[in-house]
Amino acid sequence: LCEVEDSGLPDLEPLMGELKALATGRDTATEYEDIIEKILSVIFYPALCNPKKQHNIHAGRKRIDITYTNESKSGFFYWLSMHYPCPLIFVECKNYGKDAGNPEIDQLAGRFSPSRGQVGLLICRTIENKNLMYQRCIDTAKDQRGYILALDDEDMIALVDAYESDSEDQDFKQLMALWNKLIE
């Protein structure tokens with residue numbers, strides 16, 4: 001809408017304030033998902049479009065928190081589409097007060113398919129042991145069950161900072177660095 005209305009870029013600071021103030025836990029999981037969708041929809045546009053929340057698959061037996069259509073024409077998501085199946089990018093949001101573990105990795109991996117795509121983001125409030133989380137994501141990739149980039153609130157802050165520095169940059173260097181860890 002900013003392009004059509006020729007207005008300034010969306011101000012993400014209020015959303016980041018909401019994110020930081022939001023309590024962890026099941027009671028605020030929907031609010032967390034809403035905030036993450038709004039932030040990612042701004043940052044990843046125009047590469048990722050048409051966010052669909054609570055996207056049902058397998059006749060409603062499984063659900064994906066947020067699904068984006070990969071419409072990228074340049075940058076990280078374009079490069080990804082040239083080398084890996086990712087017509088859709090899946091996002092799972094975990095508003096936990098503790099680290100996500102194997103069940104959360106397996107949940108997201110269970111949403112992948114050759115036709116839908118095999119790339120997703122696992123967004124968590126905190127990842128205390130990032131090395132262990134990345135190793136879990138690497139294990140999933142090595143087992144050919146898909147590619148998961150795990151991000152926490154600190155990573156979201158870094159993505160917003162990078163966007164605010166250069167909103168046109170679609171290279172997402174932070175994501176590429178994580179991707180390189182994933183496929184080494």
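The following refers to the structure shown. (Residues numbered from 1 in each chain as written. Predicted model: local features only at pLDDT ≥ 70, side-chain atom pairs only at ≥ 80, totals over all residues. Heavy atoms only, no water.)

On to the side chain of Glu104. If you trace the backbone, Glu104 turns up in helix 5 (residues 102–109). Here Glu104 is buried and forms no salt bridge, its nearest opposite-charge partner Lys98 lying at an N-O distance of 4.9 Å. When near neighbours in sequence (up to four residues on either side) are disregarded, Glu104 contacts Lys94, Tyr96 and Leu122. (Helix = DSSP H or I, 4+ residues; strand = E, 2+ residues; numbered from the N terminus. Buried < 20%, exposed > 50% of the residue type's maximum accessible area, 1.4 Å probe, protein only. Lys, Arg positive; Asp, Glu negative; His and termini not counted. Salt bridge = Lys/Arg side-chain N within 4 Å of Asp/Glu carboxyl O. Contact = heavy atoms within 4.5 Å.)

All right, on to the packing of aromatic side chains then. What the rule picks out here adds up to 10 aromatic pairs. When the ring of Phe76 is compared with that of Trp179, the centres are 6.4 Å apart and the planes differ by 75°; the resulting orientation is edge-to-face. Within this pair, whereas Phe76 is found in helix 4 (residues 75–83), its partner Trp179 is found in helix 8 (residues 173–183), the two being separated by 103 residues in sequence. The two residues Phe76 and Trp179 agree in class, both being buried. An aromatic cluster of at least three residues, connected via ring pairs, comprises Phe44, Phe76, Phe77, Trp79, Tyr84, Tyr147, Phe172 and Trp179. In this structure, Lys98 packs its charged tip against the face of Tyr96, placed 4.9 Å from the ring centre. (Phe/Tyr/Trp six-rings, centres within 6.5 Å; stacked < 30°, edge-to-face > 60°. Lys NZ or Arg CZ within 6 Å of the ring centre and 35° of its normal.)

Close contact between helix 2 (residues 13–21) and helix 7 (residues 153–165) brings their axes to 12 Å; oriented N to C, the two are set at 175°. The angle between helix 2 and helix 7 falls in the class roughly antiparallel. Counted together, Glu13, Met16, Leu19 and Lys20 of helix 2 and Asp153, Met156, Ile157, Val160 and Glu164 of helix 7 form the full contact between these two elements. Classifying every residue of the contact of helix 2 with helix 7 gives 5 nonpolar, no polar and 4 charged. (Axes fitted to C-alpha atoms, helices over the stretch in contact; angles between N-to-C directions. Parallel < 35°, antiparallel > 145°, perpendicular 65-115°, else oblique. Nonpolar A, V, L, I, M, F, W, Y, C, P; charged D, E, K, R; others polar.)

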